[in-house]
Amino acid sequence: MGTSLHPPQLVTGSRTLYLVWVPEDPDAVAGLVPAGLTPAADRSCYINQYVVEGDAQTSASDGDDAFGAYSLTYLGVNLSGLDTEAGIPGRWWTDYHNSSEPMIRYAREHGVPAGAPGETTLDLDGDRLVATTVVEGRPVIRTTARVTVGTPQRVTGQLRYITSRGGEFVSGRYAYVADIAEEFEVESFEFLDKEHPVYRLRPAHPLQVTFGFYAPAMSFVYPGGEGPLGSEHGS
């Protein structure tokens, strides 16, 4: 069953935790990147754990294909040579676990490797944030951070994700506007299930987080501008 939705779709006001880190097994990470793409020199990985709490926070809010309130964890590998104009690396998806079946269908049609459904929670108690990803009843990732929302800082830009459709690489631009917490520090980042495929992206010890933020409100298009990799639109 396909979807009647046309890109881009707008998502607003998501609570979002985003990290980039150095993996424990860089060779395994490099092996996840297909021929024709090059992993970043440090084999760095990324994760987005986020929650959309209301149906009306998405442009796909009516009908059988409505995203509904949902949560999502996706992760993958940073790429070399495909930076945006702002110097943010292009990224290759390896794992994607969404709680919304219509959104899973939408993502798959755009080349995203949407796997088994999953649930993500972001629990902020005082200044302690715990983000947990559960896939098929198994907790697989838990991020614990110290957060001071304070006066959030407005940030804007585009992220770039590369997918594969019909044997062709496609570049997608995902424009975003976010208000990020004033202070953010990762205390622990745990991959909890050695048997789950996401474990191959587990972080090095000691933990080396090279980028990260918590946004109590982030809005983005999904996906944005798309085009074949190397074309004017997908350059």
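Look a little higher up for the structure.
Throughout what follows, the structure given in this document is the object of discussion. (Residues numbered from 1 in each chain as written. Predicted model: local features only at pLDDT ≥ 70, side-chain atom pairs only at ≥ 80, totals over all residues. Heavy atoms only, no water.)

**Describing the environment of L159**
Assignment of secondary structure puts L159 in strand β8 (residues 153-165). In this structure L159 comes out as buried when scored by relative accessible area, which is 11%. With 52 residues separating them in the primary sequence, L159 and F211 have C-alpha atoms 14 Å apart. Apart from the residues lying within four places of it in its own chain, the contact partners of L159 are Y18, I88, R91, G172, R173, Y174 and Y176. (Helix = DSSP H or I, 4+ residues; strand = E, 2+ residues; numbered from the N terminus. Buried < 20%, exposed > 50% of the residue type's maximum accessible area, 1.4 Å probe, protein only. Contact = heavy atoms within 4.5 Å.)

**With respect to helix α2 (residues 101-109)**
All of the buried residues in α2 are P102, M103, I104, R105, Y106 and A107. Those residues of α2 hidden inside the fold are in contact with β1 (9-21), β2 (45-52), β3 (70-78), β4 (91-98) and β11 (209-222). A positive phi of about 85° marks G111, the residue just after α2.

**Describing the sheet that holds strand β5 (residues 118-125)**
Strand order in this open sheet of four strands is β5-β6-β7-β10, and the pairing throughout is antiparallel. In this open sheet, the two strands that pair with only one neighbour each are β5 and β10 (183-191). Direction aside, the axes of adjacent strands within the sheet are offset by 15° on average. As defined by bridge partners, β5 adjoins strand β6 (residues 128-135) across eight bridges and the pair is classed as antiparallel. Following the sheet pairing, L122 is matched in β6 by A131. (Pairing = 2+ DSSP bridges. Axes fitted to C-alpha atoms, helices over the stretch in contact; angles between N-to-C directions.)

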